[in-house]
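Tertiary structure, described
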Amino acid sequence: MASDASAPVPVPAAAAGQPVPKRRGSYNCGRCGLPKKGHVCSVPGPASANGGGGGAKAGEPTQPPPQQQNKPRRALQFDDPAVKVEEEEEEAVVVVVDAVPVSMAPPQPQPPLPPPPAPPAVAGRKRPRVEVVHVDEEEVGEGEAEEEDSGPERVDLGAGRRAPGEVLVEVLRRMAPRGVAAAAGVSREWRECARRVWRGAEEVRLRANSVRPVGALMARCPALARLVLRMDSDVDATMLACIAFSCPNLQSLDISMANNAVNRISGDELSRFVSEKRSLSVLKLDSCSSLGFLNISSSSLSTLWLSGLCSLTKAVMNCPNLNELSLDFPKQNNDSTDLVALMDSLGRTCPNLRNMHISSIRLCNEAVFALESANLRGLCMLSLVLGTKITDAAVASIVRSFASLELLDLSGSSITDNGLGMICNAFPDTLTRLLMALCPNITSSGVQVAAAQLPLLRLMDCGKSICAKPQPEDGRSYFGELTGGIKFCSKLPIQKKQQPSYQKLIIKHSNLKKLSLWGCSAIDALYVNCPELVDLNLNSCMNLHPERLLIQCPKLKDVHVNGCRDMLIGAIRNQVLNEFAAAEPRLPCKRLADGSKRVHVPHFMMEQLEEPEKWGRPRKSQCTVHLN
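Cut-offs used in this document
Residues numbered from 1 in each chain as written. Predicted model: local features only at pLDDT ≥ 70, side-chain atom pairs only at ≥ 80, totals over all residues. Heavy atoms only, no water. Helix = DSSP H or I, 4+ residues; strand = E, 2+ residues; numbered from the N terminus. Buried < 20%, exposed > 50% of the residue type's maximum accessible area, 1.4 Å probe, protein only. Contact = heavy atoms within 4.5 Å. Areas by Shrake-Rupley, 256 points an atom, 1.4 Å probe, with all protein chains shown as cover. Core = buried A, V, L, I, M, F, W, Y, C linked by side-chain atoms within 4.5 Å. Arc of directions from axis to C-beta. Pairing = 2+ DSSP bridges. Axes fitted to C-alpha atoms, helices over the stretch in contact; angles between N-to-C directions. pLDDT = per-residue confidence, 0-100. Parallel < 35°, antiparallel > 145°, perpendicular 65-115°, else oblique. Nonpolar A, V, L, I, M, F, W, Y, C, P; charged D, E, K, R; others polar. Right-handed = clockwise from strand over helix to strand, strands pointing away. Salt bridge = Lys/Arg side-chain N within 4 Å of Asp/Glu carboxyl O. Phe/Tyr/Trp six-rings, centres within 6.5 Å; stacked < 30°, edge-to-face > 60°. Lys NZ or Arg CZ within 6 Å of the ring centre and 35° of its normal. Patch = residues over 30% accessible without salt bridge, like charges linked within 9 Å, V, L, I, M, F, W, Y side chains within 5 Å. Polar contact = N/O pair within 3.5 Å; in protein donor to acceptor, adjacent residues only side chain to side chain. Left-handed = near helix turned anticlockwise from the far one by under 90°.

Looking at an unreviewed UniProt entry, one finds the protein named F-box domain-containing protein, with Urochloa decumbens as its source organism.

Shown next, in the form of structure tokens:
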């Protein structure tokens, strides 16, 4: 029919589903997406045309019915099929994307994941070799920790200069905490170096005005072992709680007060803190006037310093490993601490005590007798300061109780020359330091005997012990009157006023290094012959005559002359400086027997003597005279 011939021939539906042939072959399989080279595809292809019903005419091409293909999504397929079809329809070309949604695909056994398809080879270029390495999480954590500890390799110092991170870390370790905190704000590299300093810090010395900066700093220092705090504000139990929480491995704690700050820590709070810190070995606390009682029990504590104690109602220290104890009480008379009971309990609770220092005006002979019953045979240092009631009887008890004292400090006591004699007879082979300051009953004779009979002595302090005693005022005469009144009149100057008795002191010792005679106003003549002496204290020796002074100490470095007369200071300068100048090596020369010529030292010795001058090193005097 004409009408049928002129009508457009409809395109079969099967032809619309035919893919457009490509100009060149694909490198990947059209079914599974794997590379074709050496590949056998296991995905079944479309159904054959012979299997279908026969309704086709002869001569017409056999068209297979469009069937849905069960093919998985290609690997690394990121294009959206709908968008791709719309773009191709605009060009009047229909493209069938060989992809089936995952939700429509039948479930199949999942083989092991194949490796991703390699990119097409390019001539002249090798394929990169990729190896898959299984890394353990613990190894990753250790590597990251080592990387954090190592810090940055190079750090920018400004002006285009860079330095190794290790160098900056060592510099920051020598700075104060405030400087390290300021350096952390320079850059990211500097911040990492500052973090490494905080992480590795074992000792921190900090001055703070509240507990907040202390807690913030200690949180950055997990390895902190020694903490020294100087507080400008009041301290209470909050500080101890913060330290106990932030520093689990703390070994040493030192808290001192400044600017009239008050320590409000009670005895119960301190006892709880010491018992909970099993690793604490050193505890030093200042201004402990609020304790009330002292009950410390610790098996790790070895050093305990408490200053500012006042009126302890109970004092018990159960510390079997305690080696050093220092208790400092105020000088006021309102202290009511029972020192006799304290001394008596030390032998039972602290048997390993070696160094003891107690400063209190309530020290007396009974307290020393109680210390004798404590049986502290291993004591090496004994310091009983400001005990005005300690006499020679207490010295006899000390001599009986201890046989190996190396330091004995009885400053402020009432011992006499007889007590010094007992000390010299008991400790000639062990005593190296003897302190007898503020002992008004000893004389220069006892000091000379002590220096002569103690050959190992290296330190002697007799400050303000050999003093000129003021003479009593002359009495007044009186007579009665008729009215019964009494009239006083001054005595006629018939006799001359009595002059104070001055003393001379001779110190000759081969090992003595420090000698202190400060405030010894009764000494008018002094002779010191100590070849090892390096420090001499003559402060306030006002009655010492320059003509009666002789110092023969070639190694003397410091002489303290504050409060002395100008003539005495000049004499000391002449002796200590001129003698050292004269002791400088000079070129010896000698004439021969016939007087023909002089013989000098060899040439190589002259070069050794002139070498310091050649390098421009100024000669310094060996001794310094301190006026302040």
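**Some words on the overall build of the protein**
Of the regular secondary structure elements, the protein holds 17 helices and 26 strands. Across the 628 residues of the protein, 33% fall into the buried class. Look at the contacts in the protein between residues 6 or more apart in sequence, and 56% of them connect residues 24 or more apart. For the protein, the exposed surface amounts to about 39900 Å²; the carbon and sulfur share of it is 53%.

**Structural notes on the side chain of Asn 543**
With respect to the secondary-structure elements, Asn 543 resides in the loop between strand 21 (535-537) and strand 22 (549-552). In this view, Asn 543 contacts Tyr 502, Ser 521, Ile 523, Asp 524 and Arg 565; residues no more than four positions away in its chain are not counted.

**Comments concerning the nonpolar core**
Within the largest apolar cluster, 131 residues are counted, with the highest numbers of intra-cluster contacts made by Ile 243, Met 343, Met 356, Leu 382, Leu 384 and Leu 434. A per-element tally of this core places helix 7 (residues 188-200) first, with 5 residues. Those residues within four positions of Met 343 in sequence are excluded, and the remaining contacts are Met 356, Ile 358, Leu 363, Ala 367, Ala 370, Leu 371, Ala 374 and Leu 384.

**Comments concerning unusual backbone geometry**
The phi torsion at Leu 386 lies on the positive side, around 70 degrees, for a residue other than glycine. At Leu 438, a position not held by glycine, the phi torsion is positive, near 60 degrees. Here Leu 438 is to be found in the loop between strand 14 (433-435) and helix 15 (444-453). For Leu 438, a relative accessible area of 39% corresponds to the partly exposed category.

**Examining helix 9 (residues 237-246)**
Taken together, the buried positions of helix 9 are occupied by Met 239, Leu 240, Cys 242, Ile 243 and Ser 246. End-on, the buried residues of helix 9 take up no more than an arc of 160 degrees, which puts them together on one face. Buried residues along helix 9 sit in contact with helix 8 (211-218), strand 4 (226-231), strand 5 (252-257) and helix 10 (267-276).

**Points about the sheet that holds strand 22**
If you trace the 3 strands from one edge of the open sheet to the other, you get 18-20-22, paired in parallel fashion. The open sheet is flanked by strand 18 (503-508) and strand 22, the only strands paired with a single partner. Adjacent strand axes in the sheet meet at a mean angle of 15 degrees when their direction is disregarded. With 6 bridges connecting them, strand 18 and strand 20 (residues 523-529) associate as parallel partners. Bridge pairing links Lys 508 to Asn 529 in strand 20.

**Considerations on the environment of Lys 331**
Locating Lys 331 in the fold gives a position in the loop between strand 10 (324-328) and helix 11 (339-349). It is 9.2 Å that separates the C-alpha atoms of Lys 331 and Arg 362, two residues lying 31 residues apart in sequence. In contact with Lys 331, other than residues within four places in its own chain, are Ile 361 and Leu 386.

**Section: the confidence of the model for the protein**
Taken as a whole, the protein shows an average pLDDT of 76; of its residues, 67% reach a score of 70 or greater. Ranking the elements of the protein by mean pLDDT puts helix 4 (residues 137-150) last with 42 and strand 14 first with 97. The low-confidence segment residues 48-64 (pLDDT under 50) makes 5 contacts with residues lying over four places distant or belonging to another chain. Here residues 603-607 is a poorly scored stretch, pLDDT under 50, and it has 2 contacts once near neighbours within four places are set aside; other chains count.

**Structural notes on the packing of helix 9 against helix 10**
At a closest axis distance of 10 Å, the pairing of helix 9 and helix 10 adopts a crossing angle of 5 degrees. With respect to helix 10, the axis of helix 9 lies roughly parallel. On helix 10, the residues that touch Ala 237, Leu 240, Ile 243 and Ala 244 of helix 9 are Glu 269, Leu 270 and Phe 273. The residue inventory of the contact of helix 9 with helix 10, partitioned by class, reads 6 nonpolar, no polar and 1 charged.

**Structural notes on the pairing of strand 11 (residues 355-359)**
Note that strand 10 and strand 11 share 5 bridges and pair parallel. Across the sheet, the residue bridging to Ser 326 is His 357, located in strand 11. Following the chain from strand 10 across helix 11 to the adjacent parallel strand 11, one finds a crossover that is right-handed. Pairing analysis gives 5 bridges linking strand 11 to strand 12 (residues 381-385), with the strands arranged parallel. Within strand 12, the residue paired with Ser 359 across the bridge is Val 385. The parallel pair strand 11 and strand 12, bridged by helix 12 (residues 365-373), forms a crossover whose chirality is right-handed.

**Re the pattern of salt bridges**
One pass over the structure, following the stated rule, counts 14 salt bridges. For the salt bridge of Glu 189 with Arg 162, the shortest nitrogen-to-oxygen distance reads 3.4 Å. Of this pair, Glu 189 sits in helix 7 while Arg 162 sits in strand 2 (residues 161-164), and the two are 27 residues apart along the sequence. Measuring nitrogen to oxygen at the nearest pair gives 3.1 Å for the salt bridge that ties Asp 234 to Arg 264. With a gap of 30 residues between them, Asp 234 in the loop between strand 4 and helix 9 and Arg 264 in the loop between strand 5 and helix 10 connect regions that are remote in the sequence. On the basis of relative accessibility, which here comes to 39%, the residue Asp 234 falls in the partly exposed class. With relative accessibility at 48%, the residue Arg 264 sits in the partly exposed group. Residues participating in the shared-partner salt-bridge network are Glu 170, Arg 173 and Arg 174.

**Overview of the packing of aromatic side chains**
Both the distance between ring centres and the angle between the ring planes are used here to describe each pair of aromatic rings. Inspection of the entire model under this criterion finds 0 aromatic pairs. Above the ring of Trp 305, the side-chain terminus of Lys 284 is found at 3.9 Å from the ring centroid.

**Quick notes on a nonpolar patch on the surface**
There is a patch of nonpolar side chains on the surface, built from Val 167, Val 171 and Met 175 and spanning about 240 Å² of accessible area. Relative to the assigned elements, Met 175 resides in the loop between helix 5 (165-173) and helix 6 (177-183).

**Re helix 11**
Taken together, the buried positions of helix 11 are occupied by Leu 339, Leu 342, Met 343, Ser 345, Leu 346, Gly 347 and Thr 349. Turning to helix 11, the residues buried within the fold contact strand 9 (315-318), strand 10, strand 11, helix 12 and strand 12. Its side-chain oxygen at 3.3 Å from the backbone nitrogen of Val 340, Asp 338 defines the N-terminal cap of helix 11.

**Observations regarding the packing of helix 5 against helix 7**
Between two packed helices, both the angle of their axes relative to each other and the distance between the axes serve to describe the pair. Remark: helix 5 packs on helix 7, axes separated minimally by 9 Å, with the N-to-C direction vectors making an angle of 55 degrees. If you check the angle between helix 5 and helix 7, you find them oblique. Seen from above, helix 5 lies across helix 7 with right-handed handedness. Contact with helix 5, carried on its side by Gly 165, Glu 166, Leu 168, Val 169, Leu 172 and Arg 173, involves Trp 190, Cys 193, Ala 194, Arg 196 and Val 197 of helix 7 and no other residues of that element. When its residues are assigned to classes, the contact of helix 5 with helix 7 shows 7 nonpolar, 1 polar and 3 charged.

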